[in-house]
Amino acid sequence: MAGVSPTPLLKDELDIVIPTIRNLDFLEMWRPFFQPYHLIIVQDGDPSKTIKVPEGFDYELYNRNDINRILGPKASCISFKDSACRCFGYMVSKKKYIYTIDDDCFVAKDPSGKDINALEQHIKNILSPATPYFFNTLYDPYRDGTDFVRGYPFSLREGVPTAVSHGLWLNIPDYDAPTQLVKPRERNTRYVDAVMTIPKGTLFPMCGMNLAFNRELIGPAMYFGLMGDGQPIGRYDDMWAGWCTKVICDHLGLGIKTGLPYIWHSKASNPFVNLKKEYKGIYWQEEIIPFFQAVSLPKECTTVQQCYTELAKQVKAKLANVDPYFTKLADAMVTWIEAWDELNPSGEAPAKTSNVKAK
């Protein structure tokens, strides 16, 4: 009905996590879509800097001092001076679902010129099943106006629970530095109206700037690694989380979808700065990817925590010879799980972390 706002989906079950170093003016554009939800803002960089949040949003804000206070020595697993710090927000959330977005992502328009409610589409993706065992050529069979095609096994039509919804970007594509340098003016203008499940056994590059997941199903695997300050690598935080998450989802029989919704990615990061951050990762990934492709988790691993701890063990055993960094990363993965379990005892909602900046 015209003039009537639809009830926000999962209003009390979803947190929006935003990592930032600047005032969050971008939220004004998202107000019609985000205002009903609780925000968790993870302030990176100088904790003495005040971040301004527009009026009327329900939020809590954590800076580095808060992270150190809440996690104590285990705070060492949370990256500093890198958007990887966002995963602290996943850890302290008390909700079933998380949506995370970068502060340079604006509301995109669909081909008809209508504003895209990215969050609503993510929720649709995540509340309907995924189909990782058999590809449907009409893409997501659970969307309106489509179905399973002829020849799709009826025994697989129930699908599996969807753990992750990976959205895309119009305007500035998520390219690595070498591609940015070669194609500085390339913009993504292609709106593809499709959502698909990534097949079992297939890895993908997960981008963290427009991403939703079921925290109860996969939360502990969403560790964005050790990046940024004092680390030899950056811009692989979401990639690392994506590879770990995909291997664990495959093992536990969960699905990951990619495609809609689109956001408008407003600004390209500096390709020379990016190259410096990514340089080692571009080499290392040629060994990291075969590791994840070959990794096997024992059937005794039945929880995300068990899977993740086993993965950390294998990272240490198989990737330490690539660079000592991977020993450090494997240790941080274990610390992350310990910290997660401390704040989320026996799978329940986390203990109250009382944050002074909560509004």
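Refer to the preceding data block for the structure.
This text gives an overview of the structure that appears in the document. Note that the coordinates shown come from a computational prediction; the quantities given were computed from them, not determined experimentally.

1. Looking at the packing of helix 8 (residues 271-294) against helix 9 (residues 304-319)
Taken N-terminus to C-terminus, the directions of helix 8 and helix 9 make an angle of 135 degrees; their axes are 11 Å apart at the nearest point. Judged on the interaxial angle alone, helix 9 and helix 8 are oblique. Taken as a pair, helix 8 and helix 9 cross one another with a handedness that is right-handed. Judged by residue contacts, Glu287, Ile288, Phe291 and Phe292 of helix 8 engage Leu311, Gln314, Val315, Lys318 and Leu319 from helix 9. Partitioned by chemical class, the residues of the contact of helix 8 with helix 9 number six nonpolar, one polar and two charged.

2. Focus on the environment of Asp237
If you trace the backbone, Asp237 turns up in helix 7 (residues 237-252). Sequence-wise, Asp237 and Tyr223 are 14 residues apart; in three dimensions their C-alpha atoms are separated by 8.0 Å. With residues up to four places along the chain from it excluded, the contact list for Asp237 reads Asp82, Ser83, Ala84, Tyr223, Phe224 and Met227. Of the polar contacts made by the side chain of Asp237, one reaches the backbone nitrogen of Ala84; its length is 3.3 Å.

3. Here we look at helix 2 (residues 64-71)
Inspection of helix 2 places Arg64, Asp66, Ile67, Ile70 and Leu71 among the buried residues, and these make up the whole buried set. Taken down its axis, helix 2 places every buried residue within 160 degrees of arc, on the same side. The inward-facing, buried residues of helix 2 abut strand 2 (38-43), strand 3 (58-62), helix 3 (87-92) and helix 10 (325-343). Where helix 2 begins, the capping side chain belongs to Asn63, and its oxygen is found 2.9 Å from the backbone nitrogen of Asn65. Of the residues trailing helix 2, Gly72 is marked for its positive phi of about 60 degrees.

4. As for the environment of Lys49
Counting through the fold element by element, Lys49 comes out in the loop between strand 2 and strand 3. For Lys49, a relative accessible area of 41% corresponds to the partly exposed category. Separated by 27 residues in sequence, Lys49 and Arg22 place their C-alpha atoms 8.9 Å apart.

5. Examining the side chain of Asn214
Mapped onto the elements of the fold, Asn214 is located in strand 8 (residues 210-214). Within the local environment of Asn214, its side chain forms a polar contact with the backbone nitrogen of Glu216, the two atoms lying 3.0 Å apart. Contacts of Asn214, omitting those with residues within four sequence positions, involve Lys96, Tyr97, Ile126, Thr162, Ala163 and Gly219.

6. Here we look at the packing of aromatic side chains
For any pair of aromatic rings, the description rests on two quantities: the centre-to-centre distance and the angle between the ring planes. Taken as a whole and assessed by the stated rule, the structure comprises 22 aromatic pairs. Ring geometry for Tyr90 versus Phe213: centroids 4.9 Å apart, planes at 80 degrees, classification edge-to-face. Residue Tyr90 is found in helix 3, and its partner Phe213 is found in strand 8; the two are separated by 123 residues along the sequence. Given a relative accessible area of 0%, Tyr90 falls into the buried group. With relative accessibility at 0%, the residue Phe213 sits in the buried group. When the centroid spacing of 5.6 Å and the interplanar angle of 15 degrees are considered together, the rings of Trp284 and Tyr325 count as stacked. Of the two residues, Trp284 sits in helix 8 while Tyr325 sits in helix 10, which places them 41 residues apart along the sequence. For Trp284, a relative accessible area of 7% puts it in the buried group. Clustering of aromatic rings is evident, with ring pairs tying together Tyr236, Trp240, Trp243, Trp284, Phe291, Phe292, Tyr325 and Phe326.

7. A closer look at a nonpolar patch on the surface
On the surface, Leu181, Val182 and Phe272 cluster together into a nonpolar patch covering about 330 Å² of accessible area. Structurally, the position occupied by Val182 is in helix 5 (residues 177-182).

8. Considerations on the pattern of salt bridges
Opposite charge on two side chains permits pairing when their charged atoms draw close. Tallied over the full model, the rule gives 16 salt bridges. Note that Asp66 and Arg69 form a salt bridge whose closest N and O atoms lie 3.2 Å from each other. With Asp66 and Arg69 both in helix 2 and three residues apart, this pair spans about one turn of that helix. Its relative accessible area of 5% is what places Asp66 among the buried residues. The partner of Glu342 in a salt bridge is Lys74, with the nearest N and O atoms 3.0 Å apart. Here Glu342 is found in helix 10, whereas its partner Lys74 is found in the loop between helix 2 and helix 3, with 268 residues between them in sequence.

Calculation notes
- Sequence order sets the numbering: in each chain, residues are counted from 1 along the sequence as written.
- Local features in this predicted model are restricted to residues whose pLDDT is 70 or higher, and side-chain atom pairs enter the listing and the counts only when it is 80 or higher, whereas totals over whole chains, interfaces and linings include all residues.
- Think of the side-chain values as coming from all heavy atoms in the structure, minus any hydrogens and water.
- Whenever a helix is involved, its axis is fitted only over the stretch in contact; in every case the axis is a line through C-alpha atoms, and angles between N-to-C directions fall within 0 to 180 degrees.
- Counting from the N terminus, the helices are the DSSP runs of H or I reaching at least four residues and the strands are the DSSP runs of E reaching at least two.
- Orientation labels follow simple angle bins: below 35 degrees gives roughly parallel, above 145 gives roughly antiparallel, 65 to 115 gives roughly perpendicular, and whatever is left gives oblique.
- Less than a right angle of anticlockwise turn of the near helix away from the far helix marks a crossing as left-handed, whereas a clockwise turn marks it as right-handed.
- In what follows, a contact means two residues having at least one pair of non-hydrogen atoms within 4.5 Å.
- Under the scheme applied here, ten amino acids are nonpolar (Ala, Val, Leu, Ile, Met, Phe, Trp, Tyr, Cys and Pro), four are charged (Asp, Glu, Lys and Arg), and all others, including Gly, are polar.
- The definition of a polar contact used here is a pair of N or O atoms within 3.5 Å, where within protein one atom must be able to donate a hydrogen and the other to accept one, and adjacent residues in sequence count solely through side-chain atom pairs.
- When accessible area is computed with a 1.4 Å probe and restricted to protein chains, residues below 20% of their type maximum are described as buried, those above 50% as exposed, and intermediate ones as partly exposed.
- What the arc describes is the spread of directions from the helix axis to the C-beta atoms.
- In summary, the pairing rule links any two rings of Phe, Tyr or Trp, Trp by its six-membered ring, whose centres are within 6.5 Å, and it sorts them by plane angle into stacked for under 30 degrees, edge-to-face for over 60 and tilted for everything else.
- Each patch is built from residues lacking any salt bridge and having more than 30% relative accessible area; the joining distance is 9 Å for like charges and 5 Å for nonpolar side chains (Val, Leu, Ile, Met, Phe, Trp, Tyr).
- Using a 1.4 Å probe, accessible areas were evaluated by the Shrake-Rupley method; residue-level cover was limited to the displayed protein chains.
- Salt bridges are counted wherever a side-chain nitrogen of Lys or Arg sits within 4 Å of a carboxyl oxygen of Asp or Glu.

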